[in-house]
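So you can see what is in the structure, the chains are spelled out below.
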Amino acid sequence: MCWVDVTSLLDTTTTNTPNPLVDPSRSFSAMNIEALDQTVWDAVIAGTGLRESLLAAALARAGKKVLHLDQNPYYGEEYAALSLDELEAWTQNVKLSHIRSVQYKTYPVPEGSGLKKSRSYTLSLSPGLLYTASPILSLLIKSNLHESLEFLKVGGWFVYDAATPLSDPLKRVPNTREDIFNDKTLDPRTKRVVVRALKSMVGSEGVNLGTAATSSGLSLQQYLEQPSFRLPSSIIVAFTSLTLLHNLPSELPLGEAEERIKKHFDSLGRFGAGFSAVISRYASGSELVQVLCRAAAVTGNAIYVLENGIVDIQEPGSVSPPIQALPNESTEQGIRLSLKSGDVVRTRHVVGTASNLPITAPADQISSESTGYWMSIYVVSSPLKQIFQTDEPPPAAGAIIYVPAGSIEVNGYSNTNPMYVVVHSSDTGECPDGQSILYISMKETSSGGAEFFDATVKSLLQNLTSQESGADNTAGHILLSVTFKTCADLEPPDQSSSGRVHLLSRHVPMIEIPDSLVEQTMEIYEKIVGSRDAFLEKTAPQEPEPPGEKSG
Amino acid sequence: MSAPERPTVIKALLIGPSSSGKTSLLKRYVDDVFEPDDTTTTIGVDFREKKLTINKKLYRLLLHDTAGQERFRTLTSSYYRGAHGILLVYDISNRDSFLSMPRWFEEAERFAPEGVIKILVGNKTDRTAQRAVKASEGEELAKKHGAIYFTETSAKTRDHAKEPFQKLVDVVLSTPGALDPNRVVARKADVVDVSAQAQTQGGGCAC
Ligand SMILES: Cc1cc2nc3c(=O)[nH]c(=O)nc-3n(C[C@H](O)[C@H](O)[C@H](O)COP(=O)(O)OP(=O)(O)OC[C@H]3O[C@@H](n4cnc5c(N)ncnc54)[C@H](O)[C@@H]3O)c2cc1C
Ligand SMILES: Nc1nc2c(ncn2[C@@H]2O[C@H](COP(=O)(O)OP(=O)(O)O)[C@@H](O)[C@H]2O)c(=O)[nH]1
Ligand SMILES: [Mg+2]
């Protein structure tokens, strides 16, 4: 066994700014890299985001040879789960063009109630919520990958009601007809109308989705305020909170809102009463990625290399016949890829986002009309037990709080856009016991943004901890916040990719892991495999191949 | 509680440099076979399972192999979740393999649950002429990194090959709290069952 010193290679690849995330001890050895060029890969995938990892697992299970790379020393890309140190390093080294104004801030707190050691946090840049009716979840179940994951309830959906400071400011959004009829704050007429409005939007089984009003250009607010409903704003806000969309109710197209609300109710009760969504323990999306990547590796068809990427793509002569034949080195060269490590590998297909491929994609330019969002991750020193209570065990580990426009005031201005606060409890394994994580997001406005977040979190902490009964009446504190601005408009899959270079559009997860990921992944899968059949299905365990056929 | 007793699950992992014989040891233990020149990972299998009866109690030992992700040290942190025990395997006929072990201990320290039981294994004792690591060095390394046990094995000749697995189970069972269901990693009670059977179609719609 002879190891080649790869120090010189590493030198050419390190960036000018020191990156504490890059641990030199995890660099790959040149000896191992040699093996990578023994094969013509079916696909080289750059980046371990959720789509890339889903594709890798599906391709590997379909018998394709996959080389899966990531430039970072960790898995997950936009779903990565980071310790405190890693998160701080990330904020100092954000390479993504659509993420701006990043701020990492710790807060002074009383002795003993502060942040714990870096590794006791597993923080993700997005909360990774999955509706139980999500096609991603069904895929995971169908392919048995759910057995490697632990799903926890996202229990309560709340609206923050600033108008009633004396009573509980968090109003639970009713989930069932009984909930609605048991609600003491609603008069009988309103109860009936709410049920009727809901029926009109969600439809009963078998009824076509889409009321006549859907296509009329009405907003959700206009629809619910029309004479036949005349619902009060508190109800409109409750409906809006179920959409997970950041528009004001008056700017929320009815059709879109209906679709989202329908999804919520379709999801309710699928895996138990009273909840419509789940998160996976340990930073949801990141855990999904890792389980998918392991599933790919377990087939023996996928090789994983971190801290490596593609620096150059050379496609063979453009008028070559379509590749069908078995790898035959003399006739079929495939695409030549130069890797960051200096190695050259050959492959039939290349997949990645523009930020992971040496391509300048027009799609990756941020247009001036892009919608900007403020996003923030808060760590607080309170378990916020009250919002995780559920009627039926187990308790929830996630909760959603909708903060309507106009409910939080800072320096005489109030928030003109609504905010969503997604709360994760320490049951997720993402923070130490006694603490919680809050993910806040809001559409950017001309009149400010992130300064409302601190005020919102403080107000929630005050209200929630004063509600908490018993002796430990210590108000929670903010321990940490990481805030950034992101441009989150999802373009359709880019068509500029050639037959073999498959360019994925930029993906910015918000609250939910979007269903569209599956479609985007399947599209590329189909181009590589020729069909969508058996996507992600486990092929029957193969007999070990006869010795000698192996590379390696 | 009167339902048939459900076996207690013990999750164990194998880690260590590529080609040290992790997969071979696993196959030797579970199937009692040795396939020379077979350098593949256990294809298509996420983990191997061995049912054990100890003191009339039933156990399921789940053994997870690295799936080749150790080759470039790209094991995922999720691989380590919920592990009760880890076998760290090096090749006694390959000095580099031994020298890389501090890094594997570090990785286990970083990702595995606190209090996980570690056992150090020097494999390929049959290669006597090529031996490049003294047993005493292994012993010392185990002590230094808090591995509870050290042994040398040969997956090829069966020499001590089952010992690390048996020792691991012994130690897990005799260590107070090692199987405690209240350990964060094992707090299964909070988990939503999303298996196909659990699905109750379109349950709680408001309308
Ligand atoms: C997955 C993996 C891959 C490795 N690849 C190599 C390799 O390609 N070449 C190699 O010499 N050692 C490599 N090592 C390290 C090797 O196994 C021994 O750990 C190392 O030779 C001595 O380590 P040390 O901790 O005693 O001393 P250290 O001070 O860590 O290293 C001693 C010498 O080895 C070199 N070295 C250590 N790690 C690497 C590395 N990752 N890449 C390049 N040089 C390294 C150092 O530059 C130094 O000259 C690798 C280890 C692992 C776990
Ligand atoms: N001589 C000898 N060879 C072994 C022994 N165990 C494994 N091998 C060989 O070492 C190589 C690597 O073994 P493998 O189990 O794939 O290692 P892994 O990469 O750690 O899983 C294979 O060629 C095995 O046949 C052993 O105890 N003695
Ligand atoms: Mg192996």
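Criteria and thresholds
Residues numbered from 1 in each chain as written. Chains lettered and ligands numbered in written order. Predicted model: local features only at pLDDT ≥ 70, side-chain atom pairs only at ≥ 80, totals over all residues. Heavy atoms only, no water. Helix = DSSP H or I, 4+ residues; strand = E, 2+ residues; numbered from the N terminus. Buried < 20%, exposed > 50% of the residue type's maximum accessible area, 1.4 Å probe, protein only. Areas by Shrake-Rupley, 256 points an atom, 1.4 Å probe, with all protein chains shown as cover. Contact = heavy atoms within 4.5 Å. Pairing = 2+ DSSP bridges. Near = heavy atom within 4 Å. Polar contact = N/O pair within 3.5 Å; in protein donor to acceptor, adjacent residues only side chain to side chain. Domains from an automatic or database assignment. Buried area = accessible area lost by both parts, 1.4 Å probe. Salt bridge = Lys/Arg side-chain N within 4 Å of Asp/Glu carboxyl O. Nonpolar A, V, L, I, M, F, W, Y, C, P; charged D, E, K, R; others polar. Core = buried A, V, L, I, M, F, W, Y, C linked by side-chain atoms within 4.5 Å. Axes fitted to C-alpha atoms, helices over the stretch in contact; angles between N-to-C directions. Parallel < 35°, antiparallel > 145°, perpendicular 65-115°, else oblique. Phe/Tyr/Trp six-rings, centres within 6.5 Å; stacked < 30°, edge-to-face > 60°.

Participant: Please provide a residue-by-residue account of the overall build of chain B, values included.
Facilitator: Scanning chain B from terminus to terminus reveals five helices and six strands. Listed N to C, the secondary structure of chain B is β-α-β-β-β-α-α-β-α-β-α in terms of helices and strands. Sorting the 207 residues of chain B into buried and exposed places 50% on the buried side. When the accessible surface of chain B is split by element, carbon and sulfur atoms take 50% of a total near 9,600 Å².

Participant: I'd like to hear about the side chain of B:Asp91, residue by residue, with values.
Facilitator: The topology assignment puts B:Asp91 in strand S4 (residues 85–91). Not counting chain neighbours up to four residues away, the residues in contact with B:Asp91 comprise B:Ser19, B:Ser20, B:Ser97, B:Asn123, B:Lys124 and B:Val133.

Participant: I'd like a rundown of the pairing of strand S12 (residues 335–339) of chain A, residues and numbers included.
Facilitator: All names here are of chain A. Among the five residues of S12, four are classified as buried, and the element is accordingly described as predominantly covered. Pairing between strand S11 (residues 310–314) and S12: four bridges, direction antiparallel. Each bridged residue has a counterpart across the sheet, and for Gln314 the counterpart in S12 is Arg336. Pairing of S12 with strand S13 (residues 344–353), which is carried by four bridges, proceeds in the antiparallel orientation. Counted as the bridge partner of Ile335 is Thr347 from S13. The turn linking S12 back onto S13 is made up of four residues, and Gly342 within it adopts a positive phi angle of 100 degrees.

Participant: Can you tell me about the site of ligand 2, naming the residues and giving the values?
Facilitator: All names here are of chain B. Around ligand 2, a shell composed of 22 residues is seen, among which Ser19, Lys22, Thr23, Ser24 and Asp126 lie nearest. Between ligand 2 and the protein, one listed contact pairs an oxygen atom with a backbone N or O atom of Ser20 at 3.3 Å. At 3.1 Å, a side-chain N or O of Asn123 approaches a nitrogen atom of ligand 2. For ligand 2, the accessible surface in isolation is 580 Å², of which the surrounding protein chains cover 89%.

Participant: So what's going on with the side chain of A:Thr428? Which residues, and what values?
Facilitator: Locating A:Thr428 in the fold gives a position in the loop between strand S18 (419–424) and strand S19 (436–443). Judged by relative accessible area, A:Thr428 falls into the buried class, the value being 0%.

Participant: So what about the domain arrangement of chain A? Which residues, and what values?
Facilitator: Residues and elements named next belong to chain A. For chain A, the assigned domains are domain 1 (6–81 + 284–367 + 490–529), domain 2 (92–121 + 151–173 + 270–279 + 371–487) and domain 3 (176–267). The interface is formed by 14 residues belonging to domain 1 together with 16 residues belonging to domain 2. Roughly 1,200 Å² of surface becomes buried between domain 1 and domain 2 when both sides are summed, with 62% attributable to carbon and sulfur atoms. Linking domain 1 with domain 2 are zero salt bridges, by the criterion used here. The interface formed by domain 1 and domain 2 holds zero residue pairs in polar contact (both at pLDDT 80 or more) in total. Residues of the side of domain 1 that touches domain 2, tallied by class, amount to seven nonpolar, five polar and two charged.

Participant: Could you give me a rundown of the nonpolar core, with the residues and numbers involved?
Facilitator: Taken as a class, soluble globular proteins show a tendency for nonpolar side chains to be buried jointly. Residues and elements named next belong to chain A. Formed by 65 residues in total, the largest nonpolar core has its most connected members in Leu129, Trp157, Leu224, Leu231, Phe239 and Ile400. Broken down by element, this core gets its largest block of residues, seven residues, from helix H7 (residues 188–202). Grouped together as the second largest cluster of nonpolar side chains are 51 residues, Ala56, Leu59, Ile141 and Ala296 included.

Participant: I'd like to hear about the pattern of salt bridges, residue by residue, with values.
Facilitator: Residues and elements named next belong to chain B. Applying the stated criterion across every chain yields a total of 23 salt bridges over all chains. For the salt bridge of Glu70 with Lys22, the shortest nitrogen-to-oxygen distance reads 3.2 Å. Of the two residues, Glu70 sits in the loop between strand S3 (57–64) and S4 while Lys22 sits in helix H1 (residues 22–31), which places them 48 residues apart along the sequence. An identical accessibility class is assigned to Glu70 and Lys22; each is buried.

Participant: Provide a residue-level description of the sheet that holds S4(B), including the pertinent values.
Facilitator: Residue and element names in this part refer to chain B. Read from one edge to the other, the open sheet built from six strands follows the order S2-S3-S1-S4-S5-S6, with strand pairing classed as mixed. In the strand order of this sheet, the two ends are held by strand S2 (47–54) and strand S6 (149–153), each with one partner. In this sheet, adjacent strand axes meet at a mean angle of 25 degrees when their direction is disregarded. The pairing of strand S5 (residues 117–123) with S6 spans five bridges and is parallel.

Participant: Tell me about the packing of H7(A) against helix H10 (residues 254–267) of chain A, and name the residues and values.
Facilitator: Residue and element names in this part refer to chain A. Closest axis-to-axis distance for the H7/H10 pair is 9 Å, and the angle between their directions is 100 degrees. Here H7 lies roughly perpendicular to H10, going by the angle between them. Counting all contacts with H7, which are made through Leu198, Ser200, Met201 and Val202, the residues of H10 involved are Leu254, Glu258, Ile261, Lys262 and Phe265. Partitioning the contact of H7 with H10 into residue classes produces six nonpolar, one polar and two charged.

Participant: Give me the lowdown on unusual backbone geometry, citing residues and values where you can.
Facilitator: The peptide bond linking A:Pro393 to A:Pro394 adopts the cis configuration, its omega dihedral lying at -5 degrees. Tracing the backbone through its elements, the reader meets A:Pro394 in the loop between strand S14 (372–380) and strand S15 (398–403). The backbone of B:Arg73 shows a phi angle near 50 degrees, a positive value even though the residue is not glycine. Its location among the elements puts B:Arg73 in the loop between S3 and S4.

Participant: Explain the packing of aromatic side chains to me, using residue names and the numbers behind them.
Facilitator: All names here are of chain A. Applying the stated rule across the entire model yields 10 aromatic pairs over all chains. Measuring from centroid to centroid gives 4.8 Å for Tyr525 and Phe535, while their planes differ by 80 degrees, and the two rings are edge-to-face. With Tyr525 in helix H13 (residues 516–529) and Phe535 in the segment after H13, this residue pair connects regions lying 10 residues apart in the sequence. Residue Tyr525 shares its accessibility class with Phe535, and that shared class is buried.

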